[in-house]
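Read off the chains here:
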Amino acid sequence: MNDEFIYAIGLMSGTSLDGLDVVYVKFDTKNLSSFKILSTETIEYSKSWQQKLHNSINLTKDSIAILHHEYGVYLGEKTQEFISKNNIINLHFIASHGHTALHQPEQGITLQVGDGQQISTATNCKVVSDFRIQDVQLGGQGAPLVPIGDQLLFSEYEACVNLGGFANISYEIDNQRIAFDICPVNIVLNQYSRKLGFKYDNKGMLASMGAVNNELLSALNQLEFYTLNPPKSLGLEWVNKWIAPLLEKQELEPSIVLRTFSEHVAQQISKIIYPFENVLFTGGGVYNDFLIKRIQDIGNTNIILPSDNIINYKEALIFALLGLLKLQGKDNCLSSVTGAKKNHSSGRIFTSNNSD
């Protein structure tokens, strides 16, 4: 790709199942950090799609294959609607994260459903997807993948934290990018908000009305994952195995779980960001005012909140960047981050006729 300006669409679906994030971005290939976000949209999932994606972890191999195809068709349809709605003419490619159905890197398994071939067919556009599989095959965690975007697009910050289904961080040490998942966030908070009749805890108001259960807080903080050195990553499987039993064992009111788990998140994040003076925070969790205040109070760190477009669409933006790097034949996965054997250029390329 030799054009000075590259136009791309990035698609991102996170574990919190808030919806499909779509971003249309213009990259300056001579200065990637001067990117410009042109259009954005979050497409809320229907209850049917929420249920399908939430239950994907329990599906058989054949059922997963069907979901992979169906979700690819869905992504293609929604992307084409976005293209038409925004009168997009200049478009070099689409990069899709898909939706993580399985993530067990220690067993060499990771799967993001959403067939790139179906997206390409629906949009008649080149598509890059399946960004994690190659990294796991090379002995890596397959996650997180966003840190190379932090390095290339947001290098002015000492560290970058994203608060989504999980919290993750990336930062530079001795000219190497280090990154890892810190702890679950919205994947748990949203679940307990729904028990009170809300999709999520708006501004952390529900948690703020609860009380901390110190027994539960102590049990959460003592989970082995928090003692491990990076690279390390989290998935729904880990939450179901280790977090859910602790929360259910206590038989506490949802507001108490929300308050206690928010405190747990604030403590774990504060412990990690403490050495840094200026940290960029993005992701839907940024709008949880109560959680952000607890992190600031405990960590005593300057938390920088960017524009709404960056807060909400940074991950979709960076997957567009990963697609660009793949098409340029450049590394888009860092071994210092994932633990893979080497840096590499990951992803599969699909066209309306066939894939690479």
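Our structure is the block above this text.
Attention here is on the structure that accompanies the text. Since this is a predicted model, take the numbers as computed values, not measurements.

Scoring rules and cut-offs
- The numbering scheme is per chain: residues are counted from 1 as the chain's sequence reads.
- Restriction of local features to residues with pLDDT of at least 70 applies here, the model being predicted, together with a cutoff of 80 or more for giving and counting side-chain atom pairs; totals for whole chains, interfaces and linings are based on all residues.
- Just so you know, side-chain values use all the structure's heavy atoms and leave hydrogens and water out.
- Here a strand is any run of E in DSSP of at least two residues, a helix any run of H or I of at least four, and the numbering for each starts at the N terminus.
- Only C-alpha atoms enter the radius of gyration, while the globule expectation follows 2.2 Å times N to the 0.38, with N the number of residues.
- Whether a residue is buried, partly exposed or exposed follows from its accessible area with a 1.4 Å probe, protein chains only, as a fraction of its type maximum: under 20%, in between, or over 50%, in that order.
- Only heavy atoms matter for contacts: two residues are in contact if any of them lie within 4.5 Å across the pair.
- Calculation of accessible area relied on Shrake-Rupley with a 1.4 Å probe; when residues are assessed, cover is drawn exclusively from the protein chains displayed.
- In this count, Lys and Arg are taken as positive residues and Asp and Glu as negative ones, while His and the chain termini are left out.
- One atom stands in for each charge, and that atom is NZ of Lys, CZ of Arg, CG of Asp or CD of Glu.
- Pairing of N or O atoms within 3.5 Å defines a polar contact, subject to two protein rules: one partner must be a possible hydrogen donor and the other a possible acceptor, and residues neighboring in sequence count only if both atoms are side-chain atoms.
- Put simply, two rings from Phe, Tyr or Trp (the six-membered ring, in Trp's case) pair if the centres are within 6.5 Å, and we call them stacked under 30 degrees between planes, edge-to-face over 60, tilted for the rest.
- For our purposes a nonpolar core is just a set of buried Ala, Val, Leu, Ile, Met, Phe, Trp, Tyr and Cys residues, chained together by side-chain atoms within 4.5 Å.
- Between the N-to-C directions of two axes lies an angle of 0 to 180 degrees, each axis being a line fitted to C-alpha atoms and, for a helix, fitted only over the stretch in contact.
- Note that the term roughly parallel is reserved for angles under 35 degrees, roughly antiparallel for angles over 145, roughly perpendicular for angles of 65 to 115, and oblique for everything else.
- In this scheme the crossing of two helices becomes right-handed for a clockwise turn of the near helix relative to the far one and left-handed for an anticlockwise turn of less than a right angle.
- Salt bridges, as used here, are contacts in which a Lys or Arg side-chain nitrogen is within 4 Å of a carboxyl oxygen on Asp or Glu.

On to the overall build of the chain, then. For the chain, the count of helices and strands is 13 helices and 13 strands. For 356 residues, the compact-globule estimate of 2.2 N^0.38 gives 21 Å, and the chain sits close to it at 19 Å. Along the three orthogonal principal directions, the C-alpha set of the chain runs to about 55 × 45 × 40 Å. In the chain, which comprises 356 residues, the share counted as buried stands at 55%. Sequence separation of at least 24 residues holds for 69% of the intrachain contacts in the chain that already meet a minimum separation of 6. As displayed, the chain offers around 15500 Å² of accessible surface, 46% of which is attributable to carbon and sulfur atoms. Separation of charge centres in the chain, based on 28 positive and 36 negative side chains, amounts to 2 Å.

With that out of the way, let us pick up the side chain of Thr123. Looking at the element boundaries, Thr123 is found in helix H3 (residues 116-123). Given a relative accessible area of 10%, Thr123 falls into the buried group. Polar contacts involving the side chain of Thr123 include one to the main-chain carbonyl oxygen of Ile119, which spans 2.7 Å. Ignoring any residue separated from it by four or fewer positions in sequence, one finds Thr123 in contact with Gly76, Thr79, Gln80, Ile83 and Ile94.

So, about the packing of aromatic side chains. According to the stated counting rule, one finds 13 aromatic pairs in the structure shown. Aromatic side chains Trp49 and Tyr71 sit 5.5 Å apart centroid to centroid with 55 degrees between the ring planes, which places their arrangement in the tilted category. One end of the pair, Trp49, is in helix H1 (residues 47-54); the other, Tyr71, is in helix H2 (residues 61-85), and 22 residues separate them in sequence. Owing to a relative accessible area of 12%, Trp49 belongs among the buried residues under this scheme. Take Tyr71: its relative accessible area is 0%, and that puts it in the buried class. Consider the rings of Phe225 and Trp238, whose centres lie 5.5 Å apart with planes at 55 degrees: the pair is tilted.

The next point concerns the nonpolar core. Of all hydrophobic cores here, the largest spans 46 residues; its most connected members are Leu163, Ile169, Ile243, Leu247, Ile269 and Phe281. Other than its neighbours up to four places away in sequence, Leu247 contacts Val188, Tyr192, Leu216, Leu220, Val257 and Phe261.

Bringing the packing of H1 against H2 into the picture now. For the pair H1 and H2, the least separation of the axes is 12 Å and the interaxial angle reads 140 degrees. Classified by the angle between their axes, H1 and H2 sit oblique to one another. When you trace H1 past H2, the crossing you get is left-handed. Seen from H1, the contacting residues are Trp49, Lys52 and Leu53; seen from H2, they are Leu67, Glu70, Tyr71 and Tyr74.

Attention shifts here to the pattern of salt bridges. Going through the model one piece at a time under the given rule, you end up with 11 salt bridges. As a salt-bridge pair, Glu41 and Lys85 come within 3.0 Å of each other at their nearest N and O atoms. Of the two residues, Glu41 is situated in strand S3 (residues 36-43) and Lys85 in helix H2; the sequence distance between them amounts to 44 residues.

As a further point, take the environment of Thr301. Positionally, Thr301 belongs in the loop between helix H11 (289-299) and strand S12 (302-304). Judged by relative accessible area, which is 7%, Thr301 ranks as buried. In the structure, Thr301 is positioned 63 residues away from Trp238 in sequence and 29 Å away in space, judged by C-alpha atoms. When neighbours within four sequence positions are excluded, Thr301 is seen to be in contact with Ile273, Tyr274, Phe276, Glu277, Val279 and Gln296. Here the side chain of Thr301 touches Ile273 through a polar contact of 3.4 Å, landing on its backbone oxygen.

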